[in-house]
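The residues making up each chain are set out below.
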Amino acid sequence: MQSYRVTHIDQLESEAIYVLRETAAQFENPALLFSGGKDSIVMAHLAWKAFYPSKLPFPLVHVDTGHNFPETMTYRDAFVERINARLVVGLVQDSIDQGKVKEESGPTASRNSLQTVTLLDTIEENKYDACLGGGRRDEEKARAKERFFSHRDDFGQWDPKNQRPELWNTFNARKRVGEHFRVFPLSNWTEMDIWQYIKAEGIDLPSLYFSHEREVVERHGSLLATSEIVVPQAGEKVETKIVRFRTIGDMTCTGAVESEASDLDAVIHEVAAARQTERGTRADDRRSETAMEDRKKEGYF
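Residues numbered from 1 in each chain as written. Predicted model: local features only at pLDDT ≥ 70, side-chain atom pairs only at ≥ 80, totals over all residues. Heavy atoms only, no water.

### Observations regarding the sheet that holds strand E5 (residues 149-152)
Piece 1. As summarised here, the arrangement of the six strands in space is E3-E2-E1-E4-E6-E5, forming an open sheet in which the pairing is mixed. Among the strands making up the open sheet, the edge pair consists of strand E3 (87-91) and E5. Neighbouring strand axes in the sheet, compared pairwise and without regard to direction, differ in orientation by 30° on average.
Piece 2. As defined by bridge partners, strand E2 (residues 60-64) adjoins E3 across five bridges and the pair is classed as parallel. (Pairing = 2+ DSSP bridges. Helix = DSSP H or I, 4+ residues; strand = E, 2+ residues; numbered from the N terminus. Axes fitted to C-alpha atoms, helices over the stretch in contact; angles between N-to-C directions.)

### Points about the pattern of salt bridges
Piece 1. Enumeration over the complete set of coordinates arrives at 14 salt bridges.
Piece 2. Where Glu236 meets Arg219, a salt bridge forms, and the shortest distance between an N and an O atom there is 2.8 Å. Placement of the pair is Glu236 in the loop between strand E8 (222-225) and strand E9 (239-244) and Arg219 in strand E7 (residues 212-219), with a sequence separation of 17 residues.
Piece 3. Taking the relative accessible area as the measure of exposure, Arg219 reaches 8% and is therefore buried.
Piece 4. One salt bridge in this structure joins Arg244 and Glu270, with 2.7 Å as the shortest N-O distance. On the criterion of sequence distance, the pair formed by Arg244 in strand E9 and Glu270 in helix H7 (residues 264-273) is long-range, its members being 26 residues apart. (Salt bridge = Lys/Arg side-chain N within 4 Å of Asp/Glu carboxyl O. Buried < 20%, exposed > 50% of the residue type's maximum accessible area, 1.4 Å probe, protein only.)

### Describing the packing of helix H1 (residues 8-26) against helix H6 (residues 191-201)
Piece 1. Taken N-terminus to C-terminus, the directions of H1 and H6 make an angle of 95°; their axes are 11 Å apart at the nearest point. Between H1 and H6, the interaxial angle falls into the category roughly perpendicular. Of H6, the residues touching H1 (which contributes His8, Ile9, Leu12 and Glu13) are Asp193, Gln196, Tyr197 and Glu201.
Piece 2. When grouped by side-chain class, the residues that make up the contact of H1 with H6 number three nonpolar, two polar and three charged. (Parallel < 35°, antiparallel > 145°, perpendicular 65-115°, else oblique. Contact = heavy atoms within 4.5 Å. Nonpolar A, V, L, I, M, F, W, Y, C, P; charged D, E, K, R; others polar.)

### Focus: unusual backbone geometry
Piece 1. Cis geometry marks the peptide bond from Tyr52 to Pro53, where omega comes out at 5°.
Piece 2. Residue placement: Pro53 occurs in the loop between helix H2 (38-51) and E2.
Piece 3. Notably, Lys127 is not glycine yet its phi reads approximately 60°, a positive angle.
Piece 4. As for its position among the elements, Lys127 is in the loop between helix H5 (115-126) and strand E4 (130-132).

### A few points about the nonpolar core
Piece 1. Among the nonpolar cores identified, the biggest contains 58 residues, and Leu32, Val42, Leu46, Leu60, Phe149, Trp189 and Trp195 are the most heavily contacted of them.
Piece 2. Looking at this core, the elements that each hand over two or more residues are H1, H2, helix H3 (70-82), E4, strand E6 (180-183), H6, E8 and H7.
Piece 3. In this structure, Leu33, Val63, Ile123 and Cys131 belong to the second largest nonpolar core, which totals 13 residues. (Core = buried A, V, L, I, M, F, W, Y, C linked by side-chain atoms within 4.5 Å.)

Rendered as structure tokens:
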């Protein structure tokens, strides 16, 4: 008789699928926030497994800053088609055009913080009562305060002191009119767990995650890819380097790392040896010591 050894990755998958199914069962109109980054890809893959052979019972929602990497957008459209999902896109440009947010100016200008208004408007417009996010507790200290079911008030704001206990994986989704939840099925995963799961499941990723040659400039400690959006400033030197991205977001604030890791095994080896968190390459997180927590309290992911 062949024995089957349950690994910690199997346990994490089982837990995440349980949370995804609980979300579909307890909420009337949930959605899955999809950035095209590895965590949201893994979450969407888990959702596909959780409800197969049926279609996903919720749409994928992407908040498009207009400053995304082209590779991310190409991947997003192919992925959505492959799993036969419904895609809803909220455009930051619409929020700017409607006067709801003001675009930043200057050499460090970014649309990353503007996403909050677009996200909250998209939630309100579509009346989503729960939004699944790919946040992990090892990413950043503010995210370590989250529950699986994270309550948001009727302004979309997060109060870390007003979260429900979750004993024995019992989740409380009760809410008042206008309130909603953010749900984090990957709460107990680490960056290494994500990469090991990607390898085990054979999940395709955007090419940005693997080493490639790219023109970059060093700005405030980050290697930013040059483009019509990221324009070299006086005194900045454009260099061609072999890089990859540990996290994917707005081009204006997502830094690359120098790397020769061109396949999954090499990436896993590199992550195991890393001494900086993946969000250490994000310029937006370094604007203040509480940058992430401040944005979360305002309604950010």
